[in-house]
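Chain by chain, the residues:
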Amino acid sequence: MTTKEIPLERTFLAIKPDGVQRGLVGEIIRRFETKGFTLVGLKLLIPSQELAEKHYAVHKERPFFKDLVSFITSGPIVAMVWEGDGVVASARKMIGATNPLNAEPGTIRGDFGINIGRNIIHGSDAIETAQNEISLWFSDAELANWEPTIKPWLVE
């Protein structure tokens, strides 16, 4: 079995302060590893006000912007970059609907989310968004370009 040399998609995920505080980091990482995606970037940090405002800039004019920034800077988050075939769309399905009350059981938000303000995880919603978010949260030097030995069993 050989793998095609095609660039794999990357996405940005962040386990929010509620997910970190509730001890869900390992469970969330396990789900993405089990799915077959490759972790290429990982760090624990408390985001600065400036970083949070840049991340949520698309919502700047919305009434909930201040609350989003306040919450994401309220404690540590786990910022991650995952790589794999169709990882952006697949991660969104694994995460579930933004409002946990509408998220399907079996999704991260469906299983662990409390309400729209405490929904455990952020995931990029498109390839372009993922590229922008990855460059905002990680430098190139912080990303590991590696190939898992299991890759031939995951990619045609």
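Parameters at a glance
- Residues numbered from 1 in each chain as written.
- Predicted model: local features only at pLDDT ≥ 70, side-chain atom pairs only at ≥ 80, totals over all residues.
- Heavy atoms only, no water.
- Phe/Tyr/Trp six-rings, centres within 6.5 Å; stacked < 30°, edge-to-face > 60°.
- Helix = DSSP H or I, 4+ residues; strand = E, 2+ residues; numbered from the N terminus.
- Buried < 20%, exposed > 50% of the residue type's maximum accessible area, 1.4 Å probe, protein only.
- Core = buried A, V, L, I, M, F, W, Y, C linked by side-chain atoms within 4.5 Å.
- Contact = heavy atoms within 4.5 Å.
- Pairing = 2+ DSSP bridges.
- Axes fitted to C-alpha atoms, helices over the stretch in contact; angles between N-to-C directions.

1. As for the packing of aromatic side chains
1) Next: With the rule as written, the count across this model stands at two aromatic pairs.
2) Next: Look at F12 and W137: their rings are 5.3 Å apart centre to centre, the planes differ by 20°, and that puts the pair in the stacked class. Of the two residues, F12 is situated in strand β1 (residues 9-15) and W137 in helix α7 (residues 127-137); the sequence distance between them amounts to 125 residues.
3) Next: Aromatic side chains F32 and W82 sit 5.6 Å apart centroid to centroid with 35° between the ring planes, which places their arrangement in the tilted category. Here W82 lies in strand β3 (residues 77-84) and F32 lies in helix α2 (residues 25-35), a separation of 50 residues in the sequence.
4) Next: With relative accessibility at 0%, the residue F32 sits in the buried group.
5) Next: Using a relative accessible area of 0% as the deciding quantity, one classes W82 as buried.

2. Looking at the nonpolar core
1) Next: Within the largest apolar cluster, 21 residues are counted, with the highest numbers of intra-cluster contacts made by I28, F32, W82 and I108.
2) Next: Counting residues per element, the ones that place at least two in this core are β1, α2, β3, α5 (87-95) and α6 (108-112).
3) Next: Sorting elements by how many residues they give to this core places α5 first, with five residues.
4) Next: Non-local contacts of I108, meaning those with residues more than four positions away in its chain, are made with I28, R31, F32, M94, I95, G113, I120 and I121.
5) Next: Counting 16 residues, the second-largest nonpolar core is a separate cluster that includes I72, I77, V81 and W137.

3. Side note on the sheet that holds strand β4 (residues 121-123)
1) Next: Pairing in this open sheet of four strands is antiparallel, and the strands run β2-β3-β1-β4 from one edge to the other. Each end of this open sheet is capped by a strand with a single partner; those strands are β2 (38-45) and β4. The average angle at which neighbouring strand axes cross in this sheet is 15°, direction not considered.
2) Next: As defined by bridge partners, β1 adjoins β3 across seven bridges and the pair is classed as antiparallel. Residue pairing for β3: F12 is matched across the bridge by V81.
3) Next: Together, β1, β2, β3 and β4 form the strand contacts of α7, whose direction differs from that of β1 by roughly 60°.

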